[in-house]
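Overview (structure and organization)
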Amino acid sequence: AASQTTDPTHSRVTHHVDRSELKESRRDSMKCVVVSLAFGVCAAFAPSAGVRPTLTSVSASTVADVKLPASVKPGVVTGEALMDLLAYAKEKGFAIPAVNAVSSCAINACLEAAAKFKGPMIVQFSRGGGQFLAGKSVSTGELTDKASVAGCIAGALQVRQLAELYGVPVILHTDHCMRDWLPWFDGLIEANEEYFKQHGEPLFSSHMLDLSEDPLEENIATCVEYLERMSKIDLLLEMELGITGGEEDGVDNTGVDNSKLYTQPEEVYAVYEALSKVPNGKFTVAAAFGNVHGVYSPGNVKLEPQILHNSQAYISDKIGSEDKKPVYFVFHGGSGSSTEDIQYAIKAGVIKMNIDTDTQWSFWDGIRAYEAKHHDYLQGQIGNPDGEDKPNKKYYDPRMPLRWAEEYTVTRLGQAMEDLKCIDVL
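Remember, it's a predicted structure, so these values are computed and weren't measured experimentally. (Residues numbered from 1 in each chain as written. Predicted model: local features only at pLDDT ≥ 70, side-chain atom pairs only at ≥ 80, totals over all residues. Heavy atoms only, no water.)

This part covers the overall build of the chain. For the chain, the count of helices and strands is 14 helices and 18 strands. Sequence separation of at least 24 residues holds for 74% of the intrachain contacts in the chain that already meet a minimum separation of 6. As displayed, the chain offers around 17,800 Å² of accessible surface, 52% of which is attributable to carbon and sulfur atoms. (Helix = DSSP H or I, 4+ residues; strand = E, 2+ residues; numbered from the N terminus. Contact = heavy atoms within 4.5 Å. Areas by Shrake-Rupley, 256 points an atom, 1.4 Å probe, with all protein chains shown as cover.)

What follows is the structure, encoded as structure tokens:
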């Protein structure tokens, strides 16, 4: 299963995890249901007519022959390369993990997991995550949105500097933006427009608008307005349809009417129809199917991924497409979800799954484990079991526990990538 090597300099154990260990760890982690920042929210990717060829279903016998498109190279993917990557995931039958990063260590863990397990990765930032990256001391009052924009840009630039070095394709994304947060969204779009002028591509790959609390007509109208602007610089828009329950990173929908947690195929089609009319429009539709943010005991959350299958069939029929899965779905917040739900959703065309709560835990769990192992060497700068005058600097160096946090997160992402069939696809 797992081999171990001891680092004599730092007196710690480095874990080398193979797939049997991933499976065992996954079974342990499934003892409770952990629902992430958009648990069970789905998102439908649907570029406008003419943006890419319609894909027909690929039989199981030919899936192995599907190859990574030549346009998808190490680094941040945008525009046509982004669409090619998503099309490849759908044809191959896997989904890409999406992780909310709040530090350089979290970013590094994402890139390391992608390189180690040979799969693409989505690094995304929330409004609160951007504020944290910028520094909490400047993320208050009138500076809140400005600081969040600056933090997200800083994180995006780090990813752009490192993704090619790690040799993996990465999608850069930002998470939920409700109507009250539109100044943050506007700032991000302006940054993309400026970057596009200089580099011929946007800084990010995509952004999400969450106007799910608005009436459907207003939600769609605002998304069309933004998509018309974003399409000019090859940005993909993700919009939310239906409400995700629970609370996550400033989005509080606790106590929401249960009926609003489940989207109907007719609603998905209304969004698909409206956004498809935008020239060069690239978009995803987050359609709720019982989604709840947070951590819950088994049985408290009821997902209905059949909604994804029903929506595919309904839209395929409405547009008269030979493709039985015309919609590209995203499973927002897959933390703690059963492998069965995940892989059934992939069969409905899911190509992205968010995992936040579980990676938050894995990051902390690494720090917790490091402290537990070296507790007696972390009680003061001088003095430990080896002697009263022995220094402890090599133990309390922040890089030591943070590296353990990275390693534990890499392992957890490996579990997610196995569930998503996203291992060895590059």
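Picking up after the structure, the text goes on.
The alternating pattern of strand β9 (residues 206-209) places S206 and M208 and H207 and L209 on opposite faces, both of which are buried. Where β9 and strand β10 (residues 236-241) come together, four bridges link them in parallel fashion. Residue pairing in the sheet places S206 in a bridge with L236 of β10. Taken together, β9, helix α8 (residues 216-230) and β10 constitute a β-α-β crossover, and its handedness is right-handed. (Buried < 20%, exposed > 50% of the residue type's maximum accessible area, 1.4 Å probe, protein only. Pairing = 2+ DSSP bridges. Right-handed = clockwise from strand over helix to strand, strands pointing away.)

This part is about α8. In a regular helix each residue adds 1.5 Å, so 15 residues correspond to 21 Å; α8 covers 21 Å between its end C-alpha atoms and thus fits that length. Of the positions making up α8, those classed as buried are N219, I220, T222, C223, V224, Y226, L227 and M230. On the buried face of α8, the contacting elements are α7 (182-199), β9, β10, α9 (265-276) and β13 (282-287). (Expected span 1.5 Å × (residues − 1).)

Moving on: the side chain of K282. Along the chain, K282 turns up in strand β13. With a relative accessible area of 0%, K282 lands in the buried category. Engagement of the side chain of K282 in a polar contact is seen with the side chain of N280, the distance being 3.1 Å. (Polar contact = N/O pair within 3.5 Å; in protein donor to acceptor, adjacent residues only side chain to side chain.)

The next thing to look at is the environment of L203. Locating L203 in the fold gives a position in the loop between α7 and β9. Under the relative-accessibility criterion, L203 is labelled buried at 2%. Distance from L203 to I189, taken between C-alpha atoms, is 9.3 Å for residues 14 residues apart in sequence. Residues in contact with L203, not counting those within four places in the same chain, are V76, I153, A156, L157, R160, L172, N192 and Y195.

To continue, consider α9. An ideal rise of 1.5 Å per residue puts 16 Å on 12 residues; α9 measures up with 16 Å between its terminal C-alpha atoms. P265, V268, Y269, V271, Y272, L275 and S276 are the residues of α9 that are buried. Buried residues of α9, viewed axially, fall in a sector of 160 degrees; they line one side. (Arc of directions from axis to C-beta.)

Here the focus is the pattern of salt bridges. Close approach of charged atoms allows side chains with opposite charge to pair. The final tally for this structure, using the stated rule, is 13 salt bridges. The shortest N-O distance in the salt bridge between D145 and R127 comes to 3.1 Å. Remark: R127 occurs in helix α5 (residues 127-134) and D145 occurs in helix α6 (residues 144-166); sequence separation between them is 18 residues. Like R127, D145 is buried. (Salt bridge = Lys/Arg side-chain N within 4 Å of Asp/Glu carboxyl O.)

A few words on the nonpolar core. As a rule of thumb, soluble globular proteins bury nonpolar side chains together. Counting residues in hydrophobic clusters, the biggest one holds 97 residues, and the most contacted among them are M121, V123, F125, V159, F185 and F204. Beyond its immediate chain neighbours, meaning those up to four positions away, M121 contacts I96, P97, V99, C110, A113, A114, P169, V170, I171, L413 and M417. Listed in part, the six residues of the second largest apolar core include A369, Y395, M400 and W404. (Core = buried A, V, L, I, M, F, W, Y, C linked by side-chain atoms within 4.5 Å.)

Once that is clear, we can look at the environment of L162. In this structure, L162 sits in helix α6. Once the C-alpha coordinates of L162 and N108 are considered, the two residues, 54 residues apart in sequence, prove to be 8.4 Å apart. Setting aside residues no more than four positions away along its own chain, L162 makes contact with N108 and L111.

This part covers the packing of aromatic side chains. Here the structure, examined in full by the defined rule, presents seven aromatic pairs. Between Y377 and Y395, the aromatic rings sit 4.5 Å apart at their centres with planes inclined by 35 degrees, giving tilted as the arrangement. In this pair, Y377 is assigned in the loop between α12 (357-373) and β17 (382-384) and Y395 in helix α13 (residues 393-396), connecting sequence segments 18 residues apart. Note on W404 and Y408: the rings are 6.4 Å apart at their centroids and 15 degrees apart in plane angle, and the pair reads as stacked. Here Y408 and W404 lie together in helix α14 (residues 399-419), a separation of four residues that amounts to about one turn. Since its relative accessible area comes to 4%, W404 is described here as buried. (Phe/Tyr/Trp six-rings, centres within 6.5 Å; stacked < 30°, edge-to-face > 60°.)

Once that is clear, we can look at unusual backbone geometry. Residue K118 is not a glycine yet carries a positive backbone phi of 60 degrees. With respect to the element layout, K118 can be found in the loop between α4 (104-117) and β7 (121-125). Unlike most non-glycine residues, K421 shows phi in positive territory, near 60 degrees. Take K421: its relative accessible area is 42%, and that puts it in the partly exposed class.

Right, let's talk about the environment of V168 for a bit. With respect to the helices and strands, V168 occurs in the loop between α6 and β8 (169-174). With relative accessibility at 2%, the residue V168 sits in the buried group. Residues V168 and G119, spaced 49 residues apart in sequence, show a C-alpha to C-alpha distance of 7.4 Å.

Burial analysis of β8 places six of its six residues in the buried class, the great majority of the element. Burial along β8 is two-sided: the residues P169, I171 and H173 and V170, L172 and T174 are all buried. Here strand β5 (residues 75-76) pairs with β8 via two bridges, running parallel. The partner of G75 across the bridge, within β8, is P169. In this structure, β7 lies alongside β8, joined through five bridges in parallel fashion. The residue bridging I122 from the neighbouring strand is I171, located in β8. When β8 meets β9, the two strands line up parallel, connected through two bridges. The partner of T174 across the bridge, within β9, is H207.

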